[in-house]
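Next come the chains, spelled out residue by residue.
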Amino acid sequence: MRVSEILQILDARIICGEHRTDYTIDVAFASDLMSDVLTLKNDHVLLITGLANMQTIRTAEMSDINCIVFARNKKASREMIALAEENDIILIECRYSMFKTCGLLYEAGVKPIF
Amino acid sequence: MEHHEFNIEGGDFTRAGYASSQVKKMLKQMGVDVAIIKRTVVAAYEAEVNVVAHAYSGAMYVDINREEVKIELRDQGPGIEDIEQAMQEGYSTASSAVREMGFGAGMGLSNMKKNADELHIESEPGKGTRVVIRMQLNATTGD
């Protein structure tokens, strides 16, 4: 699924990587536990999380995750956006809860990892 | 063999991952396979987060050439009483502050072991811990 479709389905706002809305994700994973994210081996993963801090971006960097959705109005700081920009990571802010975010994307055909 | 050193500040979660990020940049520049890069930096990052989470201060020492990389982390901190117990998935002594950062679920050491070609941990309780991660690289460029 393309980032542009994700934005539409979640009625969400892209705050980093605005020019890369044609980037495509294969699977999605939802977690606030970064150690769990670091065990993933897939490529083109969408991370859905309620954890908005520098380690969220660092974890994505180490795991080669290029797209993050922050659920439930969690905001990325300026430092987070700068680090995401440096690593070509797309950041999306969404007002829906984790549950609704996951449900809408699942319904639209996004596959889970496990 | 190239040598690099990075200081790691205990408790400074805004900078945690900086050293591992530098290692990733080096490996990318050398044309190392992406799957090997990922395994290397995930192991290094977990180790770096452990220093930030548990120690007062520490450093990452990186020795790298085309064939292999050795990543050594040494810290001054409380050390690990029982390494075997600490290796068990789910075992954690992390503070709530560490858990709020998305870590501290007792997965770090086992994840390091799963990703590293070789992992060596030694610790002196009350003094500190030394972790060595070794990876085969088979890089296409660099020296």
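Only a predicted model underlies this, so the values are computations on that prediction, with no experimental measurement involved.

K.L.:
Please explain the packing of aromatic side chains as it appears in this structure.
P.N.:
Each aromatic ring pair is specified by the distance between its two centres and by the angle formed by the two planes. With the rule as written, the count across this model stands at 2 aromatic pairs over all chains. Ring plane angle 80° and centroid distance 6.3 Å describe the contact between A:F29 and A:F114, whose orientation is recorded as edge-to-face. One end of the pair, A:F29, is in strand 2 (residues 27–30); the other, A:F114, is in the segment after strand 6 (111–112), and 85 residues separate them in sequence. Overall, the relative accessible area of 12% leaves A:F29 in the buried class. Residue class for A:F114 comes out exposed when judged on its relative accessible area of 75%. Ring plane angle 80° and centroid distance 5.9 Å describe the contact between B:Y45 and B:F103, whose orientation is recorded as edge-to-face. In this pair, B:Y45 sits in helix 2 (residues 34–54) while B:F103 sits in the loop between helix 4 (96–100) and helix 5 (108–115), placing the two residues 58 residues apart along the sequence. With respect to class, B:Y45 is no different from B:F103; both count as buried. The positively charged end of B:R74 is found above the aromatic ring belonging to B:Y61, 4.4 Å away from the centroid.

K.L.:
I tried to follow the sheet that holds strand 4 (residues 118–124) of chain B on my own but got confused; where do I start?
P.N.:
Strand pairing in a sheet relies on backbone hydrogen bonds, with the paired strands running either antiparallel or parallel. All names here are of chain B. Spatially, the 5 strands line up as an open sheet ordered 1-2-3-5-4, and their pairing is antiparallel. Of all strands in the sheet, those with a lone pairing partner are strand 1 (2–9) and strand 4, marking the two edges. Here the average twist between neighbouring strands, direction ignored, is 10°. Both strand 4 and strand 5 (residues 128–136) contribute to a ladder of 7 bridges, which runs antiparallel. Residue E118 lies in a different strand from strand 5, and its bridge partner there is R134.

K.L.:
Any chance you could explain the side chain of A:T59 here in plain terms?
P.N.:
When you line up the elements, A:T59 lands in helix 3 (residues 54–62). Residue classification places A:T59 among the buried residues on the basis of a relative accessible area of 0%. Excluding residues within four positions of it along the chain, A:T59 makes contact with A:M34, A:V37, A:L38, B:Y45 and B:F103.

K.L.:
Explain the nonpolar core to me, please; I cannot follow it from the model alone.
P.N.:
Soluble, globular proteins show a tendency: their nonpolar side chains are buried together. Residues A:I57, A:L91, B:M60, B:L73, B:I133 and B:L137 are the most contacted members of the largest nonpolar core, which totals 69 residues. The contact partners of A:L91, leaving out residues within four places of it in the chain, are A:R13, A:I14, A:I15, A:C16, A:I57, A:I68, A:F70, A:A76, A:M80, A:I81 and A:A84. Listed in part, the 20 residues of the second largest apolar core include A:I6, A:I25, A:I90 and A:V110.

About the criteria used
Residues numbered from 1 in each chain as written. Chains lettered and ligands numbered in written order. Predicted model: local features only at pLDDT ≥ 70, side-chain atom pairs only at ≥ 80, totals over all residues. Heavy atoms only, no water. Phe/Tyr/Trp six-rings, centres within 6.5 Å; stacked < 30°, edge-to-face > 60°. Helix = DSSP H or I, 4+ residues; strand = E, 2+ residues; numbered from the N terminus. Buried < 20%, exposed > 50% of the residue type's maximum accessible area, 1.4 Å probe, protein only. Lys NZ or Arg CZ within 6 Å of the ring centre and 35° of its normal. Pairing = 2+ DSSP bridges. Axes fitted to C-alpha atoms, helices over the stretch in contact; angles between N-to-C directions. Contact = heavy atoms within 4.5 Å. Core = buried A, V, L, I, M, F, W, Y, C linked by side-chain atoms within 4.5 Å.

By themselves, these observations are geometric and do not establish any function.
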